[in-house]
Amino acid sequence: MSAVLAAVLQVLLLVLLLALVVPLLGRYLAHLFTAPTHLRFERATYRLLRVDPDADQHWRSYAFSVLGFSLVSVLFLFVFGRVQQWLPLDIGMSALPADGAWNTAVSFATNTNWQWYSGEAAIGHLMQMAGLAVQNFVSAGVGLAVAAAFARGLARTSAGGRVGNFWSDLVRVVLRLLLPASFVAALVLVALGVVQNLSGPRGVTTLDGGTQQVTGGPVASQEAIKEIGTNGGGFYNANSSHPFENPTALSNLLEIFLLLVIPFAMAWAFGVIVRDRRQGGAVMAVMGSLWLVSVGLLTWAELAGHGTAPSLAGAAMEGKETRFGEAASALFAASTTATSTGSVNAMHDSLTAPGGGVAIVNMLLGEVAPGGVGAGLYGMLMLAVVTVFLAGLMVGRTPEYLGHKIGQREIVVVALYILTMPVLVLAGVAIGLTAPAGLAGLQESGSHGLSEALYAVASASNNNGSAFAGLATGTPFWNTLLGLCMLLGRFVPIVLVLALAGRFAAQHRVPVGAGTLPTHRPLFVILLSGVTVIVVGLTFVPVLALGPIAESLS
Amino acid sequence: MNENQKLDTRTTAEPGSDEHDGAGPAHAQAEYAEVPSALLTASMLREALPGALRKLDPRALAATPVMLIVEIGAVATAVLSIIDPSTLGWAVTVWLWLTVLFGTLAESVAEGRGKAQAASLRALQTETTARRLTGRDRRRLADQPTEEVASTSLRAGDLVLVAAGERVPGDGDVVEGVASVDESAVTGESAPVIRESGGDRSAVTGGTTVLSDRIVVRITSDPGQSFVDRMIGLVEGSQRQRTPNELALNVLLGTLTAVFVAVCISLYFVADYSDAHQSLLVLTALLVCLIPTTIGALLSAIGIAGMDRLVRRNVLAMSGRAVEAAGDVDVLLLDKTGTITYGNRQASELHTISGVERHELLEAALLASLADETPEGRSIVTLIEEETGQHVSVPDGATLVEFSASTRMSGIDVSGRRVRKGAAGAACGWVEETGGAQSDEIHAAVEQVASSGGTPLVVAEQVDGSPARLLGVVHLKDVVKDGMRERFDQMRAMGLRTVMITGDNAVTAKAIAEEAGVDDFLAEATPEDKLALIRKEQHGGRMVAMCGDGTNDAPALAQADVGVAMNTGTTAAKEAGNMVDLDSDPTKLIDVVEIGKQLLITRGALTTFSVANDVAKYFAILPAMFVVAFPGLDVLNVMRLSSPQSAIVSAVVFNALVIVALIPLALRGVRYRPAAAEVLLRRNLLVYGVGGLITPFVGIKVLDLLVSLVPGL
Amino acid sequence: MLVPDLIYVLTTLVAFALLALLVGALGRRLDDADAGVAPTGPAKSHDTEPAGR
């Protein structure tokens, strides 16, 4: 079987699996975010948290709940990292440095899961399980909750800015979706050979007679939520290229499936929530086609294998797992960067220059194709609002999306959203490449060094978390810079999304007529894809030209 | 007034003419097609230049952040070029200044188009002497003592006497008397109009001339607030406030600008890191090319030109918001009479009964109508003459029997023969009185005509005192204007629902509504019904447009999102609406909606064009900037531009020239053809999106061929 | 030892305080208007009527 055929077949298999599961999961998600009844153990949780799950929150109150919850998460993780050496199951790990602990705290609370450290050499089991793994669930839950609030905002009219209840969204999504799904997925992963124990590092003798420290641990349980919640923070530094995390081609495909399924299902759920499935279908079509294009491009880039060394070796295999091969690595790389997951099964630093460029562009799209859990949906919907604004003017009406007018107030919010990520990335890159402390972290100089810095900042600002692996980021400078990118890149957009949700929920509905621009038809899908690509292209082409493009063309 | 006058006679000639109604949009295009040649001439540019230079003031530019950034960039490059002179530096500096200037020039030209009209309107404002009433006794107002005061000192509430040959000193309502008034100075309509106290024809406009009789006018506006004052402000654009969609678009353009500022600043540092140091000059040139200058420069001109297009059709919008709202209208309330139908009932058919020869009926009906000067009567004559092909005049010695409210019949007595036509009850009653026989066939025909929405007229005759006999029924019909159905079909495609408002009963209303093809009708409508209907539609989130003229229309006009008051209407109606149609042509509402849509489409299309242009500019400038450090990037120089300097200058020059090239489009508005949203979008995307991608590749390449001839580039 | 901890805790608190201010600012900008009336309606007296006119 030729490499290309194998590549196409695995993508087809993946698409088939998704096509089967996404509609079902989407309906379930929509039900979860709109059903009025609570389960018994949920009620217990609400009593514990002392919140009223039936209060329909105003968007400001919803936003304060999100911010309050996340602030507590960050501070809790920060303290955890600083004192882990005094806690049980520390397996001999010492306290994280202050900057590192803060970076890690922000990273996991923002669903970024950027890791400046080697997991197996820095984090004890208790912090992995009670700190990081908990955030894997709840930070994913926060993203999903915000997306649900936005979908409800679009579905409602004359609701006085009320968008739902954050606590009920969060608790439901964790208890009814993420926990059970992770449990099942973890069992399957164990069956496929992923490690799950509580042992510390042990010495083993390798084939050539040397000794090596191998750390076991609760890997499978974290592996499941790492992919399902588009978190990406691996138990091991090598992440999903480590055989204990991702032993076989089958587990590899399962992990890719897990990281894609909820982002796509959220688009379906959106259609159900706004009572017009075609709208969800259109959003999903945009996400799906952008994802497929990036998979295609990345696979092509890797299989074509530019450069002298790859042509001599027969393939661009450096930094890639021989267990998976190039195509599976390309599929993983495209999917993990397109979903804000950031787990890797190959070192992205070793992708070919155009391949690395595709990975960077995937993140720079703003993680919308299909993006992180929840975050992908609201990001894409924000772009849809911009598209509707431009297209709406061109049909001669005040632009409207799903019966909501987009006037000056609405466009101010969207404009701030559109502005946030590029400013963070561009400022971050400029600072990183100018400050001596930033330059000190670069492994290579020239175009590739630029790609490393751009990758890191793009990854942080878009809450992806994957790393190019060429950048020595464990320094106070990079920890702080990237921490700020992650924090602002997560919560500024969330506040804006909730504000727009509230604004929409307060409006009167505009009836849809023949003069209304249809937003479920192929023309709109093409236009939205075009706007997504062009906006990103115009913003980042100069930097990309000096990084991956210059590298590819040299 | 020349140009205005010319346009006015054309527009005022339209309402009654079939050709206009039959081909509304086609007509509109024909009109636009002839304008472009005059849209932008050298003399217009010359006249607009001083204004354009004044607008370079940064405080004036602050309203458009995009252009302010260009001006700051132009100052920066000028300073850089003075410190370190180079051909590239000066070329970029000059063209950046030209970019700003072209933008202000566009606005200035747009305003200039209204200046001529404003000047002629100002002539109306020359101070006149007014005769203000001083006394208040029991005599008629017109006999009260008066004092002579300057027209500018009149205040709202003052009563003034205006006699034949005098100019009305200010806006007001006639409170006593009837007069014919020449309003051509304001409306362009040369035929005088009647203005009388009470009723819906009482409003007079300052500056118009009384031709006959004398009237007492109660002034309704203070100095500087008059109708003409507002008109001047509107046509000059000085009172123009930015509309909601324009503000929203400005926010988006500002955001794009901010993104590109961030791009260029970060690029300075990133390029330094990459050992491809970029001068501030080149980065400024890049910034100006990237930010949406095309739409930024033309945005305000588009708005002014939109108002201007309305003014050219003799519609005055009291606010830009109203024009824009017109594009959003979902429901059009149209009065039946004058808008959908010609207003007068016309004979459409004659029904005979058995025992009566058709020529008998024709002759009798013709006789009965010959002396009838009402439109209905004339229409009967026309119909019969068309059928018989003969022209008949009133026989000698005939006695005309006029219509009266008590007999409800009219007719003619000639040599012992009495012919009558009238309402069914009246005519049948007359026949019975003379001992004539009734006819079931007549009743059946009357029923049939009435149920089809028409008005039946029964014709009968009495010869030499013998009993009268019934001859037949004339079917009078409200005639729907030609082409209305097509127009309503188009509006349906645009997503507009049309509702016909009429005082007729439901049966008549339904018949006409079906014939005209409107979506809905409101029969036996009172002003309260109208208001309730508007409220109901608005409650459902729809925007409503209507026109009206009477005082009792005022609440509905005020409630409607777009209320077009007829200029012949009362001051109350004009105050309540947000537009005034000087031609008092209710079909204008449809044009207003189209102009509103065209305004938005023009903005959207030029924004798309502007953003799409950036792609080609990147292909021109990026290789130019970095090819020295990274020779591989020369692959991106797809246009094969001759040198980095030439590439940068060509992009900057293209960026400036495209503004000038698009001024006519901004002033004219992009072509609008009523169609469903997706059809419009597809076409505009193809023209302005795809066109915007391709054009600059061609333009920059051509410019590069020229620029490369300049030594030093 | 405690100084960097303090700095990072303060950074976090300041960042979230700024985010809360953003919520407040957006709230003032978006919520004061009468949301029931389409923001593009013409300037008319009924603009000030409550929602659901």
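- As annotated in an unreviewed UniProt entry, chain B carries the name Potassium-transporting ATPase ATP-binding subunit and comes from Marmoricola endophyticus.
- UniProt annotates chain B under Sequence similarities (unreviewed entry) with the comment "Belongs to the cation transport ATPase (P-type) (TC 3.A.3) family. Type IA subfamily."
- The record in UniProt for chain B states the following under Subcellular location (unreviewed entry): "Cell membrane".

**Quick notes on the interface of chain B and chain A**
Reasoning step 1: On the chain A side, the residues contacting the 58 residues of chain B number 54 residues.
Reasoning step 2: Across the interface of chain B and chain A, roughly 4,700 Å² is buried in total on both sides, 75% from carbon and sulfur atoms.
Reasoning step 3: Counting the surface chain B buries against chain A, the share from its top three residues, Y273(B), E678(B) and L681(B), is 15%.
Reasoning step 4: Summed over the shared surface of chain B and chain A, the number is three salt bridges.
Reasoning step 5: In this structure, E678(B) engages R521(A) in a salt bridge whose closest nitrogen and oxygen atoms are separated by 2.9 Å.
Reasoning step 6: Where chain B meets chain A, there are 10 residue pairs in polar contact (both at pLDDT 80 or more).
Reasoning step 7: When residues in the side of chain B that touches chain A are grouped by element, the largest group, 19 residues, is from helix 11 (residues 244-273) of chain B.

**Describing the sheet that holds strand 20 (residues 544-548) of chain B**
Whether parallel or antiparallel, the strands of a sheet pair through hydrogen bonds between backbone atoms.
All names here are of chain B.
Reasoning step 1: Read across the sheet, seven strands follow the order 10-22-21-20-11-18-19 without closing on themselves; strand pairing throughout is mixed. Both edges of this open sheet fall to strand 10 (315-317) and strand 19 (520-522), since each of them pairs with a single strand only. Direction aside, neighbouring strands of the sheet carry axes that sit 20° apart on average.
Reasoning step 2: Summarising the sheet, strand 10 and strand 22 (residues 579-581) pair through three bridges and their orientation is antiparallel. Paired with V315 across the strands is D581, a residue of strand 22.

**Observations regarding the packing of helix 4 (residues 98-109) of chain A against helix 6 (residues 125-155) of chain A**
Residues and elements named next belong to chain A.
Reasoning step 1: Interaxial distance between helix 4 and helix 6 falls to 8 Å at its minimum, and their mutual angle equals 40°. When the axis of helix 4 is compared with that of helix 6, the two are oblique. Facing helix 4, whose interface residues are T104, F108 and A109, helix 6 presents M127, L132, Q135, N136 and S139.
Reasoning step 2: A breakdown of the residues in the contact of helix 4 with helix 6 according to their chemical character gives four nonpolar, four polar and no charged.

**So, the confidence of the model for chain B**
Caution applies to low-pLDDT regions: their predicted coordinates should not be interpreted in detail.
Residues and elements named next belong to chain B.
Reasoning step 1: Scored by pLDDT, chain B comes out at a mean of 84, with 91% of its residues at no less than 70.
Reasoning step 2: Mean pLDDT in chain B bottoms out at helix 3 (residues 24-34), which sits at 35, and peaks at helix 12 (residues 280-290), which reaches 96.
Reasoning step 3: Below pLDDT 50 for its whole length, residues 1-37 participates in 53 contacts with residues either more than four positions away or in separate chains.

**Digging into the domain arrangement of chain B**
Residue and element names in this part refer to chain B.
Reasoning step 1: As far as domains go, chain B holds domain 1 (126-225), domain 2 (317-341 + 480-593) and domain 3 (344-478).
Reasoning step 2: In this structure, domain 1 and domain 2 have C-alpha centres spaced 30 Å apart.
Reasoning step 3: Facing the 13 residues of domain 1 at the interface are 11 residues of domain 2.
Reasoning step 4: For the pair domain 1 and domain 2, the summed buried area comes to about 830 Å², and 41% of that belongs to carbon and sulfur atoms.

**Examining the sheet that holds strand 6 (residues 193-196) of chain B**
Reasoning step 1: The antiparallel open sheet is built from three strands, whose spatial order is 6-5-8 (chain B). In the strand order of this sheet, the two ends are held by strand 6 and strand 8 (209-210) of chain B, each with one partner.

**Focus: the packing of aromatic side chains**
Reasoning step 1: What the rule picks out here adds up to 16 aromatic pairs over all chains.
Reasoning step 2: Taking the centre distance of 5.5 Å and the plane angle of 90° together, the rings of F477(A) and W478(A) count as edge-to-face.
Reasoning step 3: Among the residues examined, W478(A) registers a relative accessible area of 0% and is labelled buried.
Reasoning step 4: Plain terms: the ring middles of Y268(B) and F269(B) are 5.4 Å apart, the flat faces sit at 90° to each other, and that makes the pair edge-to-face.
Reasoning step 5: An aromatic cluster is built from Y62(A), F69(A), F166(A) and W167(A), whose rings are joined through pairwise contacts.

**Brief notes about the environment of G73(B)**
Residue and element names in this part refer to chain B.
Reasoning step 1: Relative to the helices and strands, G73 is located in helix 7 (residues 65-83).
Reasoning step 2: Spatially, the C-alpha atoms of G73 and H277 are 19 Å apart, while their sequence positions differ by 204 residues.
Reasoning step 3: Sequence-distant contacts of G73, defined by excluding residues within four places in its chain, comprise L96 and T284.

**Remarks on a nonpolar patch on the surface**
Residue and element names in this part refer to chain B.
Reasoning step 1: Among the surface-exposed residues, L686, V687, V690, L693, I694, V698, V702, L706 and L709 lie close enough to one another that they form a single nonpolar patch of about 810 Å² accessible area.
Reasoning step 2: Its location among the elements puts V690 in helix 26 (residues 677-707).
Reasoning step 3: Residue class for V690 comes out partly exposed when judged on its relative accessible area of 37%.

The rules behind the values
Residues numbered from 1 in each chain as written. Chains lettered and ligands numbered in written order. Predicted model: local features only at pLDDT ≥ 70, side-chain atom pairs only at ≥ 80, totals over all residues. Heavy atoms only, no water. UniProt positions renumbered as here; feature names shortened; annotations may be inferred. Contact = heavy atoms within 4.5 Å. Buried area = accessible area lost by both parts, 1.4 Å probe. Salt bridge = Lys/Arg side-chain N within 4 Å of Asp/Glu carboxyl O. Polar contact = N/O pair within 3.5 Å; in protein donor to acceptor, adjacent residues only side chain to side chain. Helix = DSSP H or I, 4+ residues; strand = E, 2+ residues; numbered from the N terminus. Pairing = 2+ DSSP bridges. Axes fitted to C-alpha atoms, helices over the stretch in contact; angles between N-to-C directions. Parallel < 35°, antiparallel > 145°, perpendicular 65-115°, else oblique. Nonpolar A, V, L, I, M, F, W, Y, C, P; charged D, E, K, R; others polar. pLDDT = per-residue confidence, 0-100. Domains from an automatic or database assignment. Phe/Tyr/Trp six-rings, centres within 6.5 Å; stacked < 30°, edge-to-face > 60°. Buried < 20%, exposed > 50% of the residue type's maximum accessible area, 1.4 Å probe, protein only. Patch = residues over 30% accessible without salt bridge, like charges linked within 9 Å, V, L, I, M, F, W, Y side chains within 5 Å. Areas by Shrake-Rupley, 256 points an atom, 1.4 Å probe, with all protein chains shown as cover.

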